[in-house]
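# Coordinate inspection notes
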Amino acid sequence: MEKRDLNWSEIGFAYRETNQRYVSNFIDGAWDEGGLTSDATVVLNECAGILQYCQEVFEGLKAYTTVNGDIVTFRPDLNAERMMDSAKRMEMPPFPKERFLEAVEQVVKANADWVPPYGSGASLYIRPYMFASTPVIGVKPADGYQFRVFCTPVGPYFKGGAKPLTICVSDFDRAAPHGTGHIKAGLNYAMSLHAHVTAHAQGFDENMFLDPGTRTYVEETGGANFLFVTKDNEIVTPKSDSILPSITRRSMLYVAEHYLGMKVTQRQVRLDEVKDFAECGLCGTAAVISPVGKVVDHGKEICFPSGMDAMGPVIQKLYDTLTGIQLGTVEAPEGWIHKIC
Ligand SMILES: *Cc1c(COP(=O)(O)O)cnc(C)c1O
């Protein structure tokens, strides 16, 4: 198989149409057989549920080429399960886990020429999603749904080294108490765009959202979970019902505990204790972990001792170990690496 002729380190994070994508429709109360198509367009009725009442959930994962030349995905079973949870909360029919895994596998195989080579730092980003495809005008769940998976190659997240981020404490909330913060739905992103654009216009890289009920505890950013390192070398991550359970963060905690022998705690984290941590990072599929150098709370600066030049030592070790597991240079826990071809 001939690889695409791309400058993998320069492609960035942008959509590029690839060969094939997977489509299955939920009609008359059941998912159809589904299959691959080369058609990248979706044609919908003007009154489709997704267009009117925003019934949509999605996932994000990556395929990598390992040091041995295998194409693999990382813990795709957790994406399948999380998408089922998201669908249930949105009154959508869950797409079965085994079929989700099969669809991802078919899409990666059909686009193997788009999977960046080992050592390029780039990867194939995979986007499973489903949405209400039939007309709804009175408010209720739609009758018909479409599940799709497409993929697009993405460049290395940290070009020329990871530069620590500056983030601001947002005046907006990303999720309501007892709302949809814990599921992966486009609607959570639609309503965070204003906060995102506002933060960028003020020169910040990201928002730190606080708990929507009391605005005293740290939640997450628009698309990544926080991980803190204490001055005693322990890991702390925020616990909340309105945080999206990041697979990267859950994997990071396991790596910290079982590979690095660190103490790991998941608990509520008050904004006013953030100043006491030694390091801070943001966990998500896109970057694995991005270091945070500074948090700005309405003019008051919290600067982590790890500084603004490079990742702190603990976050660097977590990053190296987890990316090593993904790329096959560090032995993976049982079941984490799913070989495709
Ligand atoms: C997807 C997502 C994350 C990161 O989750 P991963 O499974 O690690 O990619 C974090 N926060 C939000 C809001 C997300 O949508």
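Every residue gets a number counted from 1 within its own chain, in the order that chain's sequence is written. Owing to the predicted nature of the model, reporting of local features is limited to residues with pLDDT of at least 70; listing and counting of side-chain atom pairs is limited to 80 or more, with chain, interface and lining totals taken over all residues. For the side-chain quantities, the full set of heavy atoms in the structure was used; hydrogens and water were omitted.

### Observations concerning the domain arrangement of the chain
- Throughout, the edges of the domains are those of an automatic or database domain assignment. We note that the domain assignment places domain 1 (8-154) and domain 2 (165-326) within the chain.
- For domain 1 versus domain 2, the distance between C-alpha centres works out to 26 Å.
- Each partner contributes to the interface: domain 1 provides 22 residues, whereas domain 2 provides 21 residues.
- Between domain 1 and domain 2, roughly 1,700 Å² of surface is buried when both sides are summed, and carbon and sulfur atoms account for 64% of that area.
- Note on definitions: salt bridges are taken to be side-chain nitrogens of Lys or Arg within 4 Å of carboxyl oxygens of Asp or Glu. Applying the counting rule to domain 1 against domain 2 returns zero salt bridges.
- Counted as a polar contact is a pair of N or O atoms within 3.5 Å, where, for protein atoms, one must be capable of donating a hydrogen and the other of accepting one, and residues adjacent in sequence contribute only when both atoms are in side chains. The interface formed by domain 1 and domain 2 holds nine residue pairs in polar contact (both at pLDDT 80 or more) in total.
- Secondary structure elements are taken from DSSP: a helix is a run of H or I of four residues or more, a strand is a run of E of two residues or more, and numbering for both begins at the N terminus. Every element with two or more residues in the side of domain 1 that touches domain 2 is listed here: strand S4 (56-58), strand S5 (61-65), strand S6 (71-74) and helix H2 (76-89).
- Top contributing element to the side of domain 1 that touches domain 2 by residue count: H2, with six residues.
- Its residues placed into classes, the side of domain 1 that touches domain 2 shows 11 nonpolar, four polar and seven charged. Any pair of residues with heavy atoms lying within 4.5 Å of one another is described as a contacting pair. Here the buried area means the combined drop in accessible surface, using a 1.4 Å probe, for two parts upon being joined, counting both sides. Three classes are used: nonpolar for Ala, Val, Leu, Ile, Met, Phe, Trp, Tyr, Cys and Pro, charged for Asp, Glu, Lys and Arg, and polar for all others, with Gly counted as polar.

### Examining empty space enclosed by the protein
- Put plainly, a pocket is an open set of points on a 1 Å grid over the protein atoms alone with protein on both sides within 12 Å along at least five of seven lines, a cavity is a set where a 1.4 Å probe fits but cannot get out, and a lining residue has an atom within 4 Å of a point. Grid points are joined across faces, edges and corners, and a volume is the space filled by probe spheres set on the points. A full pass over the atoms with the stated rule returns one cavity of 30 Å³ or more.
- Put simply, the largest cavity is a space of about 90 Å³.
- Forming the boundary of the largest cavity are Gly60, Leu61, Lys62, Tyr64, Phe74, Asn79, Ile247, Thr248, Thr285 and Gln326.
- When contributions to the lining of the largest cavity are tallied by element, the ones reaching two or more residues are S5 and helix H6 (247-258).
- For the lining of the largest cavity, the class distribution of residues is four nonpolar, five polar and one charged.

### Quick word on the environment of Val330
- The residue Val330 is located in the loop between helix H7 (313-327) and strand S17 (337-339) in this model.
- Think of it in three bands: with a 1.4 Å probe and only protein chains considered, a residue is buried below 20% of the maximum accessible area for its type, exposed above 50%, and partly exposed in between. Val330 sits in the partly exposed class, given a relative accessible area of 26%.

### Quick word on the site of the ligand
- Here, proximity means that at least one heavy atom of the residue falls within 4 Å of the molecule or strand. For the ligand, the set of nearby residues contains 15 residues, the closest of which are Lys184, Tyr189, Glu220, Ser246 and Thr285.
- Arg82 is positioned such that a nitrogen or oxygen atom in its side chain is 2.8 Å from an oxygen atom of the ligand.
- In the model, an oxygen atom of the ligand is placed 2.5 Å from a nitrogen or oxygen of the Tyr189 side chain.
- Relative to its unbound accessible surface of 380 Å², the ligand loses 96% to contact with the protein.
- Molecules are considered to sit inside a cavity or pocket once more than half of their atoms lie within 2 Å of its grid points. A majority-of-atoms criterion places the ligand in the largest pocket.
- A per-class count over the shell around the ligand returns four nonpolar, seven polar and four charged. For accessible areas, the Shrake-Rupley method is used with a probe of radius 1.4 Å. Any residue's cover is judged against the shown protein chains and nothing else.

### Quick look at the side chain of Asp113
- Secondary-structure assignment places Asp113 in the loop between helix H3 (97-110) and strand S7 (123-132).
- Its relative accessible area of 13% is what places Asp113 among the buried residues.
- When neighbours within four sequence positions are excluded, Asp113 is seen to be in contact with Met1, Glu2, Lys3, Arg4, Trp8 and Asn19.

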